[in-house]
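The chain contents come next:
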Amino acid sequence: MTTPYVVRELRTGEPLPAWINQTGVVLQPLPAAGDIGLLLVDADAQAADQSFACLRLRSKLGLDLPRYSYHLGRVVHAAAELNLFSTQPTLMLGNDHTGDSELADLACAPGLDFDAQVAALRTLIHAALDRVQPCQRVIVELAGPRDAASGQSPFWQGLGRFFYDGDPAQAQARHGDAWRSHLAALLPRQTLYLSFLNEAAQAAVGRVGEVGQPAAQALRECGFAFAQHVRIDDGGPLLERYATRAS
Amino acid sequence: MNPTDLLLRPVAAADLPALALIAAATEHGISSLPNDRAKLRTRIERSMASFASEDAASGEETYLFVLEDLSTGEVIGTSGIAASAGFHDRFYSYRNEFVVHASSALGVSQRMHTLHLCHDLTGYTLLTSFYIDPAYEDTLAPQLLSRARLLFIKQHAERFNDRIAAESPGLTDDAGQQSPFWDAVGRRFFDMDYPSAETVTGGRSKAYIADLMPHSPIYVPLLPEAAQWAIGQLHPVAELPFSILQDEGFDADTYIDIFDGGPTVEGSLQMLRSVRHARLMGADLDPGWHIAINTRRDGFRAVLAELPAVVSAAARDLSGWLVTPVSPATAGAQP
């Protein structure tokens with residue numbers, strides 16, 4: 001990016017651009033009340049609304065709409081007499097991030113190359129972290145992988161579809177953020193052994209899909225890391241870090 | 001063969017060679033008789049001790065019966081009872097449960113089939129070790145072999161639980177090596193093939209294996225189709241003994257074996273057909289073939305008798321014996 005740029009907050013009533021965010025969803029134009037929208041805009045054209053990237057900071061997530069994720073755990077089955085020691089990965093449905101802060105709607109204008117997207121998002125992530133209370137945990141959801149040919153999520157094909165036979169993309173479009181709260185009601189409540197899922201679904205757990213790659217790179221550079229939670233629909237990872245005002 | 005030539009009696013030490021032949025001829029996991037002479041001898045000795053014991057029942061007793069064709073003097077079948085499933089350990093089964101997952105927002109209400117690892121049948125009295133020589137399958141012999149056990153339990157009720165269960169072998173390939181249910185469930189947690197797993201548990205307590213299995217419910221739709229299909233399915237060799245248990249009124253829909261997914265039936269003793277219709281030998285009984293047991297324990301005998309009492313080949317005096325009709329549903333079988 002050659003032009004100088006600055007971060008500014010979204011003005012009241014100002015819509016977010018209709019870009020695709022890091023979870024593969026088209027941005028909702030108006031952020032929810034209490035959220036802070038951040039835009040990376042051209043320094044010379046602040047008045048002209050020429051923006052490169054955006055991000056939405058949400059504090060205290062999951063307090064009105066329950067937020068679900070799978071915790072990726074481990075159970076060891078051991079039997080010394082049989083010389084057996086087997087580690088089984090498990091998925092457990094929960095609301096572990098209730099009350100945390102979230103960076104949502106990380107998105108860039110079309111046409112930016114990968115490095116430019118990473119640089120733009122990094123700037124916005126730093127700006128967002130400056131607005132979070134110290135010691136507060138901050139999470140970000142990233143899209144899971146999609147099959148190149150079918151566009152289907154292998155994790156969904158291996159798990160979700162047995163519990164909801166509709167199209168997840170349509171359900172997301174129709175219900176917005178509430179979709180995955182509704183989905184959670186249909187999923188098993190008890191520990192699910194990952195080995196019961198097919199191999200493609202197992203392999204997809206915690207992996208980042210194409211659409212989430214620039215954001216994943218920017219987040220890692222800003223100190224975010226995978227903390228053993230994944231999205232319940234496509235198995236994409238949740239990255240997290242604790243806020244400090246050191247930056 | 002004359003049905004009155006059949007005699008069911010407790011196993012004796014001299015039956016070892018005959019049992020060894022039966023154990024060698026039956027498939028892995030199909031018979032609960034171990035194909036090992038030393039283990040067989042132990043089984044026989046335990047049974048003899050159980051029949052002879054005057055002590056209050058501990059639950060550890062196992063009773064093994066043999067069916068003898070008196071016209072040839074050969075042992076043609078076995079059946080058994082284990083007084084208390086799991087005995088001092090737990091007895092594991094999977095229980096079929098249906099969970100409804102619903103979301104009004106998504107307009108979905110879906111019945112999901114799940115399997116729950118449970119100890120429900122621990123302490124139940126188990127029917128075991130059924131084997132009949134194939135040449136006798138179409139006679140009344142299997143009826144005597146299977147149902148006389150129930151009368152024995154009724155007669156000596158203080159030694160048994162009033163709830164009875166019976167395992168049946170599930171689907172395996174012809175060689176008895178591959179079980180689709182085991183491959184999809186047990187094998188993931190217990191890295192062994194099915195026959196090895198059976199051997200490790202010795203056909204007795206499965207608790208050890210079960211401890212290595214997940215304790216959260218298994219969602220059946222997530223299993224491969226072959227495994228889903230195997231749930232509650234019988235191995236073909238078990239069709240005959242299973243049909244007798246079904247006719248007795250056992251429930252076959254609730255429990256399955258944790259290894260091979262075969263159905264484990266259970267029922268309340270008093271509700272079972274042979275027990276409900278059991279009467280003391282007398283003049284007021286309906287005509288037709290009956291199973292008759294004497295009231296002794298150590299000297300237990302069970303025979304078939306056609307009533308009104310004709311003089312049987314063995315010229316038995318059945319007065320004081322407990323009799324129950326051979327079920328009409330299965331009495332069509334040629335004597």
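Scroll up a little and you will see the structure.
Let me sum up the structure you'll find in this document. What you are looking at is a predicted structure, and each value in this text was computed from that prediction instead of being measured. (Residues numbered from 1 in each chain as written. Chains lettered and ligands numbered in written order. Predicted model: local features only at pLDDT ≥ 70, side-chain atom pairs only at ≥ 80, totals over all residues.)

1. Some words on the overall build of chain A
In step 1: Broken down by element type, chain A carries six helices and ten strands.
In step 2: Taken over C-alpha atoms, the radius of gyration comes to 19 Å for chain A, in line with the 18 Å a tight globule of 247 residues would show.
In step 3: Considered along the principal axes of its C-alpha atoms, chain A spans approximately 70 × 40 × 35 Å.
In step 4: A separation of at least 24 residues holds for 74% of the contacts in chain A among residues at least 6 apart in sequence. (Helix = DSSP H or I, 4+ residues; strand = E, 2+ residues; numbered from the N terminus. Rg over C-alpha atoms; globule rule 2.2 N^0.38 Å. Contact = placed C-beta atoms within 7 Å.)

2. Observations concerning the pairing of strand S10 (residues 263–268) of chain B
Residue and element names in this part refer to chain B.
In step 1: The element S10 is largely enclosed, with a buried count of five among its six residues.
In step 2: Judged from the five bridges that link them, strand S7 (residues 163–167) and S10 form a sheet pairing that is antiparallel. From the neighbouring strand, alanine 165 faces S10, where its bridge partner is glutamate 266.
In step 3: Hairpin connection, strand S9 (residues 251–256) to S10: the antiparallel pair is bridged by six residues, and glycine 261 has positive phi, about 75°. (Buried ≥ 20, exposed ≤ 12 C-beta atoms within 10 Å, placed from the backbone. Pairing = 2+ DSSP bridges.)

3. Topic: helix H2 (residues 37–52) of chain B
Residue and element names in this part refer to chain B.
In step 1: In this model H2 runs 22 Å from its N-terminal to its C-terminal C-alpha over 16 residues, within 8% of the 22 Å that 1.5 Å per residue would give.
In step 2: Within the sequence span of H2, burial applies to Leu40, Arg43, Ile44, Ser47, Ser50 and Phe51. One face of H2 carries all of its buried residues, which in axial projection span an arc of 125°. Counted as exposed and oriented over 90 degrees from the buried face of H2: Ala38, Thr42, Glu45 and Ala52.
In step 3: Looking at the buried residues of H2, the elements they touch are strand S1 (6–10), helix H1 (16–25) and strand S2 (62–69). (Expected span 1.5 Å × (residues − 1). Arc of directions from axis to C-beta.)

4. Overview of unusual backbone geometry
If a residue is not glycine, its phi is most likely negative; likewise, a peptide bond is most likely trans.
Residue and element names in this part refer to chain A.
In step 1: Within the chain, lysine 60 stands out as a residue other than glycine whose phi angle is a positive 50°.
In step 2: Position of lysine 60 relative to the elements: it lies in the loop between strand S3 (51–58) and strand S4 (69–79).
In step 3: A count of 13 C-beta atoms within 10 Å places lysine 60 in the partly exposed class.
In step 4: Residue glutamine 228 is not a glycine yet carries a positive backbone phi of 65°.
In step 5: Its location among the elements puts glutamine 228 in strand S9 (residues 225–230).

5. Side note on the environment of Leu223(B)
In step 1: Note that Leu223(B) resides in the loop between strand S8 (218–219) and helix H8 (225–230).
In step 2: Counting along the chain gives 58 residues from Leu223(B) to Met281(B), while the straight-line C-alpha distance between them is 53 Å.

6. Side note on the environment of Val208(A)
Residues and elements named next belong to chain A.
In step 1: Among the secondary structure elements, valine 208 is positioned in the loop between helix H5 (199–204) and helix H6 (213–221).
In step 2: Note: C-alpha distance between valine 208 and valine 138 (70 residues apart in sequence) is 18 Å.
In step 3: If near-sequence neighbours (up to four positions away) are discounted, valine 208 is found in contact with Leu142, Ala143, Gln213, Ala216, Gly236 and Pro237.

7. What to know about the sheet that holds strand S1 (residues 5–9) of chain A
Pairing between the strands of a sheet comes from backbone hydrogen bonds, and it takes one of two forms, parallel or antiparallel.
Residues and elements named next belong to chain A.
In step 1: On the basis of which strands lie adjacent, the open sheet formed by ten strands has the order S1-S2-S3-S6-S7-S10-S9-S4-S5-S8 and mixed pairing. Each edge of the open sheet carries a strand with a single partner, namely S1 and strand S8 (192–193).
In step 2: The sheet contact formed by S4 and S9 spans two bridges and is antiparallel. Across the sheet, histidine 71 pairs through a bridge with histidine 229, a residue of S9.
In step 3: The strands touched by helix H1 (residues 114–129) within the sheet are S1, strand S2 (36–42), S3, strand S6 (101–108) and strand S7 (137–141), with S3 carrying the most contacts at an inclination of about 35°. (Axes fitted to C-alpha atoms, helices over the stretch in contact; angles between N-to-C directions.)

8. Observations regarding the packing of helix H3 (residues 141–155) of chain B against helix H9 (residues 239–248) of chain B
Residues and elements named next belong to chain B.
In step 1: Between H3 and H9, the least distance of the axes is 10 Å, while the angle of their chain directions is 55°. Accordingly, the angle class assigned to the pair H3 and H9 is oblique. Handedness of the H3/H9 crossing: right-handed. Of the residues in H9, those touching H3 at Pro142, Gln143, Ser146 and Arg147 are Leu240, Pro241 and Ile244.
In step 2: Grouping the amino acids of the contact of H3 with H9 by side-chain chemistry returns four nonpolar, two polar and one charged. (Parallel < 35°, antiparallel > 145°, perpendicular 65-115°, else oblique. Left-handed = near helix turned anticlockwise from the far one by under 90°. Nonpolar A, V, L, I, M, F, W, Y, C, P; charged D, E, K, R; others polar.)

9. Side note on the nonpolar core
In step 1: Counting residues in each nonpolar core, the largest one holds 151 residues, and the members touching the most others are Leu121(A), Leu124(A), Ile125(A), Ala128(A) and Leu144(B).
In step 2: When residues of this core are assigned to their parent elements, the largest contribution, nine residues, is made by H1(A).
In step 3: Those residues in contact with Ile125(A) that lie beyond four places of it in its chain are Leu55(A), Leu103(A), Ala218(A), Leu219(A) and Cys222(A). (Core = buried A, V, L, I, M, F, W, Y, C linked by C-beta atoms within 7 Å.)

10. Considering the interface of chain A and chain B
In step 1: Contacts between the two partners involve 20 residues from chain A and, on the opposite side, 18 residues from chain B.
In step 2: If you list the elements that add at least two residues to the side of chain A that touches chain B, you get S4, strand S5 (84–94), helix H3 (168–175) and helix H4 (178–186) of chain A.
In step 3: Within the side of chain A that touches chain B, the residues separate by chemical class into twelve nonpolar, eight polar and no charged.

11. Looking at the pairing of S3(A)
Residue and element names in this part refer to chain A.
In step 1: The element S3 is largely enclosed, with a buried count of eight among its eight residues.
In step 2: In the sheet, S2 pairs with S3 via six bridges, with the strands oriented antiparallel. Within the sheet, the bridge partner assigned to glycine 37 lies in S3 and is arginine 56.
In step 3: Inspection of the sheet shows S3 paired to S6 by five bridges, in the antiparallel sense. Bridge pairing in S6 links cysteine 54 to alanine 107.

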